[in-house]
Amino acid sequence: MPSSSGRLFVLYGRSLAFLLGGYLLFDRAFAYLHLPGSPLFIGEMVLGLGVLAALASTRYFVVPLRDEPVFALLLAFVFWGLIRTLPGVGTYGLDAVRDAALWYYCLFAFLIPAALARSPELLDQMIAGLQRITPWLLVWLPLALVLTPFADVAPKVPFSAVSVLSRKPGSAAVAALMVLGLMWLMPGKRSARSRALWSLPALLVIALAATQNRGGLLGVMAGGAIGLTFMRHPLRLAGRVVLVMVVGLGVASLLSLQVPTPGVQGRAYSASQLIANVVSLTGKDSPGNLGGTVEGRQDLWTRILDKQVKDGHLVDGSGFGQNLAAEVGVYDEGKETLRSPHNSHLHITARLGLVGLSLWIALWAAWFWRMIAGCRRLTRQGRHTERQVAVLSLMVCTAVLVSSFFDPQLEGPQIAALLWTMFGIGVTVTTIRPWFPGVRAEPEEATGQRRAQP
């Protein structure tokens, strides 16, 4: 195979690493390149580069799809999404295409295995890049969360209405979990003391995000629990995390510590607000606007499903293009702040029906089964780097999927690109098939690196 073959996939892999780093640091403010009268979406541009690479070097793209059964389920989900999108394009135009991001961001999952098959060293480069920006993330994210309420008065991204301070708390929590997992799964040259010290700002980010968003808190808890089960002495490590959180929360409560800036939706950055959010997860009466938020979402979900049943689209879904929230009277037709049930999984049900939901459940059940079995096999084989990457993929995907029950995260590229990239990376590192024996070497043998298992 010519050495020049697949160079676009190498460029795609590097562009993807840059894209994900930008999303982790700047969230929505990084999502667009705005020119006068022409917003360009960076995620779609990188996705387009990957599609061009697939067309130019089809073999790299096709072989992983052929050899990995889990991709057949993902391909079926994408195909059903395309079928339900096409009728809406003629009626709703670009709105249908925009809503179809719910399924077409899955292309990230198909493209990253091809890039890694062409250039296995890209994985080590992506890991090294994330390690380099970790200190910047842990310094910037707490400040970014505190400044988020000032987004309306902050400068805008040039030629757009997007504030440079746009930041979703749930996204920040996922980013903090990701760097936590990276530090403890792949410590590199960091000592245990260094990792412990850098973990404190990561936990602070999670705590600040949890005061504003309960979905992010649940997602991080679920993803962290998954990661702990694959580490040595998980109970001991979990006990230390709980101890730090309890002591920190106790001290903050006793001193009545509170960030002297307003929070989102009237929720303060304070220990009392965090406690209230945690208590509300138990199902008890929620103080302030927490209960109202839950009731509002439940009402929205119920109305959308009721309309779906009434219209006879429970099985095949309502399709793409229409504003689901406006159709059930929750928002005015001209209001674009919400077009979905505010729940990505229910959004899939509404747009793609029970057929789409069944494919969605089957897809993730197969992926988790494969990943868990793959982690155990990699442990037996002593392939620690690949095993740790697989565990990190499990942590991130679990956190995103859980938090997506409460936020429409899969509809935006900032989280969707990360989710589907980790999906594809997980498939790549757990494969038992040598896709291209003459090109693809085991990452540890190719780089001479072997990271210690935590």
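This one's a predicted model, so the numbers in the text were calculated from it and none came from an experiment.

Draft legend 1. A look at the overall build of the chain. Of the regular secondary structure elements, the chain holds 19 helices and two strands. Taking the intrachain contacts of the chain between residues at least 6 apart in sequence as the baseline, contacts between residues at least 24 apart amount to 78%. In the structure as shown, the chain presents an accessible area of about 20000 Å², 66% of it carried by carbon and sulfur atoms.

Draft legend 2. Spatial organisation of the packing of aromatic side chains. Counted under the stated rule, the structure contains 19 aromatic pairs. With a centroid separation of 5.5 Å and 35° between ring planes, the pair formed by Trp-364 and Trp-420 is classed as tilted. Of this pair, Trp-364 sits in helix 16 (residues 344-381) while Trp-420 sits in helix 18 (residues 413-429), and the two are 56 residues apart along the sequence. The pair formed by Trp-364 and Trp-420 is uniform in burial state, with each residue classed as buried. By the ring-pair criterion, three or more aromatic residues cluster together here, those being Phe-61, Phe-71, Phe-77, Phe-110, Trp-360, Trp-364, Trp-367, Phe-368, Trp-420 and Phe-423.

Draft legend 3. Looking closely at the side chain of Arg-377. The residue Arg-377 is located in helix 16 in this model. Although Arg-377 lies buried, it forms no salt bridge, and the closest oppositely charged side chain, Glu-386, sits 7.5 Å away as judged by the N-O distance. The residues touching Arg-377, leaving out its near neighbours within four places in the chain, are Arg-383, Thr-430, Thr-431 and Ile-432.

Draft legend 4. The nonpolar core, seen in detail. If you look at the biggest cluster of nonpolar residues, it comprises 115 residues, and the most contacted ones within it are Trp-364, Trp-420 and Phe-423. With 12 residues, helix 9 (residues 169-185) is the single largest residue contributor to this core. Every residue in contact with Trp-364, bar those within four places of it in the chain, is listed here: Cys-397, Leu-401, Leu-419, Trp-420 and Phe-423. Core analysis: the next-biggest nonpolar cluster, separate from the first, contains six residues, Leu-300, Ile-304, Leu-324 and Ala-325 among them.

Draft legend 5. Fine view of the pattern of salt bridges. In this structure the tally under the stated criterion is eight salt bridges. Across the pair Lys-307 and Glu-327 runs a salt bridge, and its minimum N-O distance is 3.6 Å. One end of the pair, Lys-307, is in helix 14 (residues 290-310); the other, Glu-327, is in helix 15 (residues 324-327), with 20 residues separating them in the sequence. What makes Lys-307 partly exposed here is its relative accessible area of 27%. Shared partners join several salt bridges into a network, and the residues in it are Lys-307, Asp-311 and Glu-327.

Draft legend 6. A look at unusual backbone geometry. Look at Asp-27: it is not a glycine, yet its phi comes out positive at around 55°. Judged by its relative accessible area of 2%, Asp-27 is buried.

Draft legend 7. Here's a closer look at the packing of helix 16 against helix 17 (residues 384-403). Between helix 16 and helix 17, the least distance of the axes is 10 Å, while the angle of their chain directions is 155°. Comparing their axes, helix 17 and helix 16 come out roughly antiparallel. Crossing hand, helix 16 versus helix 17: left-handed. Together, His-345, Trp-360, Trp-364, Trp-367, Phe-368, Met-371, Cys-375, Leu-378 and Thr-379 of helix 16 and Glu-386, Arg-387, Ala-390, Val-391, Ser-393, Leu-394, Cys-397, Thr-398 and Leu-401 of helix 17 make up the contact between the two elements. Residues belonging to the contact of helix 16 with helix 17 are distributed by class as follows: 12 nonpolar, four polar and two charged.

Draft legend 8. Representation of the environment of Gln-298 within the structure. The residue Gln-298 is located in helix 14 in this model. In the structure, Gln-298 is positioned 43 residues away from Pro-341 in sequence and 9.2 Å away in space, judged by C-alpha atoms.

Draft legend 9. Examining the environment of Ala-54 more closely. Mapped onto the secondary structure, Ala-54 falls in helix 2 (residues 42-56). Judged by its relative accessible area of 10%, Ala-54 is buried. Here the alpha-carbon distance between Ala-54 and Phe-9, two residues 45 residues apart in the chain, equals 7.6 Å.

Draft legend 10. The arrangement of the confidence of the model for the chain in detail. Averaged over the chain, the pLDDT score is 83; the fraction of residues at 70 or greater is 84%. Predicted confidence is poor over residues 332-336, with pLDDT under 50, and the contacts of this stretch with residues over four places away or in other chains come to six contacts. Residue range residues 438-454 is modelled with pLDDT below 50. Its contacts to residues more than four positions away, or to other chains, number 47 contacts.

About the thresholds
Residues numbered from 1 in each chain as written. Predicted model: local features only at pLDDT ≥ 70, side-chain atom pairs only at ≥ 80, totals over all residues. Heavy atoms only, no water. Helix = DSSP H or I, 4+ residues; strand = E, 2+ residues; numbered from the N terminus. Contact = heavy atoms within 4.5 Å. Areas by Shrake-Rupley, 256 points an atom, 1.4 Å probe, with all protein chains shown as cover. Phe/Tyr/Trp six-rings, centres within 6.5 Å; stacked < 30°, edge-to-face > 60°. Buried < 20%, exposed > 50% of the residue type's maximum accessible area, 1.4 Å probe, protein only. Lys, Arg positive; Asp, Glu negative; His and termini not counted. Salt bridge = Lys/Arg side-chain N within 4 Å of Asp/Glu carboxyl O. Core = buried A, V, L, I, M, F, W, Y, C linked by side-chain atoms within 4.5 Å. Axes fitted to C-alpha atoms, helices over the stretch in contact; angles between N-to-C directions. Parallel < 35°, antiparallel > 145°, perpendicular 65-115°, else oblique. Left-handed = near helix turned anticlockwise from the far one by under 90°. Nonpolar A, V, L, I, M, F, W, Y, C, P; charged D, E, K, R; others polar. pLDDT = per-residue confidence, 0-100.

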